[in-house]
Amino acid sequence: MVESSAFLLARLGRVASRQLTDELLGTGLKPTEASILIMLRDLGPMSQQALGERLHVDPSNLVAFLNALEGEGLLVRKRDPSDRRRHIVEITQQGIKRAPGCDECVVAIEDQLLAGLSAEDREHLHRMLAHVIETMALEESSSDGDGDFD
Amino acid sequence: MASATQSDQMDRLVYIDRPALLLARVGRITERRFAEELKATGMKAAHVGILINLRELGPVSQQSLGELLHIDPSNLVALLNVLEEEGLATRRRDPTDRRRHIVEISERGFERIEQAETPIERIEDELLARLSPEDREQLRALLARILEAASPEDLEEDAVVPELN
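Anyway, here's the lowdown on the structure attached to this text. Because the structure is predicted, anything quoted here is derived from the model rather than measured. (Residues numbered from 1 in each chain as written. Chains lettered and ligands numbered in written order. Predicted model: local features only at pLDDT ≥ 70, side-chain atom pairs only at ≥ 80, totals over all residues. Heavy atoms only, no water.)

## Regarding the overall build of chain A
Phase 1: Helix and strand counts for chain A stand at 6 helices and 3 strands.
Phase 2: A total of 150 residues make up chain A; the buried ones form 53% of that total.
Phase 3: Taken as a whole, chain A presents about 6,500 Å² of accessible surface, with 51% of it coming from carbon and sulfur. (Helix = DSSP H or I, 4+ residues; strand = E, 2+ residues; numbered from the N terminus. Buried < 20%, exposed > 50% of the residue type's maximum accessible area, 1.4 Å probe, protein only. Areas by Shrake-Rupley, 256 points an atom, 1.4 Å probe, with all protein chains shown as cover.)

## Here we look at the overall build of chain B
Phase 1: For chain B, the helix and strand inventory stands at 8 helices and 3 strands.
Phase 2: Expressed as a percentage of the 165 residues in chain B, the buried residues total 52%.
Phase 3: Long-range contacts, defined as pairs at least 24 residues apart, comprise 58% of the intrachain contacts of chain B with a sequence gap of at least 6.
Phase 4: Here chain B has roughly 8,100 Å² of accessible surface; of this, 49% comes from carbon and sulfur atoms. (Contact = heavy atoms within 4.5 Å.)

## Topic: helix α5 (residues 93-113) of chain A
For an α-helix the count is 3.6 residues per turn, leaving residues at separations of three or four pointing the same way.
All names here are of chain A.
Phase 1: Helix length check: α5, at 21 residues, gives a terminal C-alpha distance of 31 Å against a target of 30 Å (1.5 Å per residue), a fit within 8%.
Phase 2: Residue Ala99 marks the point of greatest curvature in α5, where the axis turns by about 25°; the proline Pro100 follows within four residues.
Phase 3: Every buried residue belonging to α5 is among Gly95, Ala99, Cys102, Asp103, Cys105, Val106, Val107, Ile109, Glu110, Asp111 and Leu113, and all of these are buried. (Expected span 1.5 Å × (residues − 1). Bend = angle between axes of the 7 residues up to and from the residue.)

## Some remarks on the pattern of salt bridges
All names here are of chain B.
Phase 1: Counted according to the given criterion, the structure contains 28 salt bridges over all chains.
Phase 2: When the shortest N-O distance is used, the salt bridge between Glu117 and Arg55 registers 2.6 Å. On the criterion of sequence distance, the pair formed by Glu117 in helix α6 (residues 107-127) and Arg55 in helix α3 (residues 45-57) is long-range, its members being 62 residues apart.
Phase 3: Given a relative accessible area of 26%, Glu117 falls into the partly exposed group.
Phase 4: Through salt bridges that share partners, Arg33, Glu36, Glu37, Arg122 and Glu126 make up one connected network. (Salt bridge = Lys/Arg side-chain N within 4 Å of Asp/Glu carboxyl O.)

## Overview of the interface of chain A and chain B
Phase 1: Each partner contributes residues to the interface: chain A has 64 residues there, and chain B has 67 residues.
Phase 2: Around 6,500 Å² of area is buried between chain A and chain B when both sides are counted, 65% of it from carbon and sulfur atoms.
Phase 3: The interface formed by chain A and chain B includes 6 salt bridges.
Phase 4: A salt bridge links Arg145 of chain B to Asp121 of chain A, with the shortest nitrogen-to-oxygen separation between them at 3.1 Å.
Phase 5: Joining chain A to chain B, the criterion identifies 18 residue pairs in polar contact (both at pLDDT 80 or more).
Phase 6: Considering each element in turn, the side of chain A that touches chain B owes the most residues, 19 residues, to helix α6 (residues 119-142) of chain A.
Phase 7: Looking at the side of chain A that touches chain B residue by residue, the class counts come to 30 nonpolar, 15 polar and 19 charged. (Buried area = accessible area lost by both parts, 1.4 Å probe. Polar contact = N/O pair within 3.5 Å; in protein donor to acceptor, adjacent residues only side chain to side chain. Nonpolar A, V, L, I, M, F, W, Y, C, P; charged D, E, K, R; others polar.)

## As for the packing of helix α1 (residues 5-23) of chain A against α5 of chain A
All names here are of chain A.
Phase 1: Viewed as axis vectors pointing N to C, α1 and α5 meet at an angle of 135°, and their least axial separation amounts to 9 Å. When the interaxial angle is binned, α1 and α5 end up oblique. Considering how the two elements wind past one another, α1 and α5 form a crossing that is right-handed. On α5, the residues touching Val15, Ala16, Gln19, Leu20 and Glu23 of α1 are Cys105, Val106, Ala108, Ile109, Gln112 and Leu113.
Phase 2: Looking at the contact of α1 with α5 residue by residue, the classes come out as 8 nonpolar, 2 polar and 1 charged. (Axes fitted to C-alpha atoms, helices over the stretch in contact; angles between N-to-C directions. Parallel < 35°, antiparallel > 145°, perpendicular 65-115°, else oblique. Left-handed = near helix turned anticlockwise from the far one by under 90°.)

## Re the sheet that holds strand β2 (residues 89-94) of chain B
Residue and element names in this part refer to chain B.
Phase 1: As summarised here, the arrangement of the 3 strands in space is β1-β3-β2, forming an open sheet in which the pairing is antiparallel. One side of each edge strand has no neighbouring strand; the edge strands of this open sheet are β1 (60-61) and β2.
Phase 2: Examined bridge by bridge, β2 and strand β3 (residues 97-105) share 6 bridges and lie antiparallel to one another. Bridging across to β3, Thr90 finds its partner in Glu104. (Pairing = 2+ DSSP bridges.)

## Some details on the environment of Gly13 of chain A
Phase 1: As for its position among the elements, Gly13 of chain A is in helix α1.
Phase 2: Beyond its immediate stretch of four places on either side in the chain, Gly13 of chain A contacts Leu23, Ala24 and Gly27 of chain B.

## Focus: the packing of aromatic side chains
Phase 1: A complete count under the given rule lists 1 aromatic pair over all chains for this structure.
Phase 2: Plain terms: the ring middles of Phe7 of chain A and Phe34 of chain B are 5.0 Å apart, the flat faces sit at 35° to each other, and that makes the pair tilted. Placement of Phe7 of chain A in helix α1 and of Phe34 of chain B in helix α2 (residues 19-38) is noted, with the two residues assigned to different chains. (Phe/Tyr/Trp six-rings, centres within 6.5 Å; stacked < 30°, edge-to-face > 60°.)

## Quick look at the sheet that holds strand β1 (residues 46-47) of chain A
Residues and elements named next belong to chain A.
Phase 1: The 3 strands are arranged β1-β3-β2 in an open sheet whose pairing can be described as antiparallel. Each of the sheet's edge strands pairs with one partner strand only, and the pair in question is β1 and β2 (75-80).
Phase 2: Bridge count between β1 and strand β3 (residues 83-91): 2 bridges; the pairing is antiparallel. If you follow Ser47 over to β3, its bridge partner there is Ile88.
Phase 3: Docked against the sheet, helix α2 (residues 31-43) engages β1, β2 and β3, running at close to 95° with respect to β3.

## Notes on the pairing of β3 of chain B
All names here are of chain B.
Phase 1: Two strands pair when backbone bridges link them, and β1 and β3 are joined in this way by 2 bridges, in the antiparallel orientation. Its bridge partner being in β3, Ser61 is matched across the sheet by Ile102.
Phase 2: Here β2 hands over to β3 after 2 residues, the two strands then running antiparallel side by side.

Just geometry here; none of it tells us what the structure is for.
Structural data, given as structure tokens:
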């Protein structure tokens, strides 16, 4: 196989997203929605912009996901008191209750995807993907794309 | 069984940074970059991937190509149909076994792939900018192993790209 890493990353990203979509069916959430809940729970309240940047979701798609989650009472959006033009997004108690179901799905697909890798390989993969994400986050802050997650 | 192979370090990760979610996010960014960079060539990443392989392999049976690239047979047919319609690859019956198809890149396919080469290198360099040459090779090897281990059901629908744009 002469495929480069870029091709492999694109394909495996699709495989991971689709597996996650299937795995999450029972939760009623889409992968991006689950990621939003997990991120807000793990990292605390954050601005809408920061959330979009960390998840690599463009602003217009993000709004649709946030609307859906807010409609279900899983998060709330508030004006930032220090800058009224900004929105701060925060997970609700109800959202916190829903998040563990999402965690389980993430772990389930991860074990499926990475079944053949040793713990050491998984850590190495993780470290390298984290580097890639950081690099691309810098790239993206200067130019905005329009891809959507699912 | 699920957590038996997970190290303590992995268990301490916040969920949002777990490899599966990172992979989905990196994949999404990569696809977006492919779409931007390949726009001028009129091809999508899946088509380019097949053409690059056809260039390296020479004439090859459709079945071997699918196995090599881990593409589900029906998806491969859809992708090859598009390449054939565009005159970028040809399919013919294998004279030694009429049930088999031999796939080959065309002259036009060679030309088209050259247009795509620079953008692909650019994407690869961007993505892997912070990795050492050893890490780059390791990453590629690990990703290839994950793809090889993926079950056929996982790969279904993958690479389904109905037409060139």
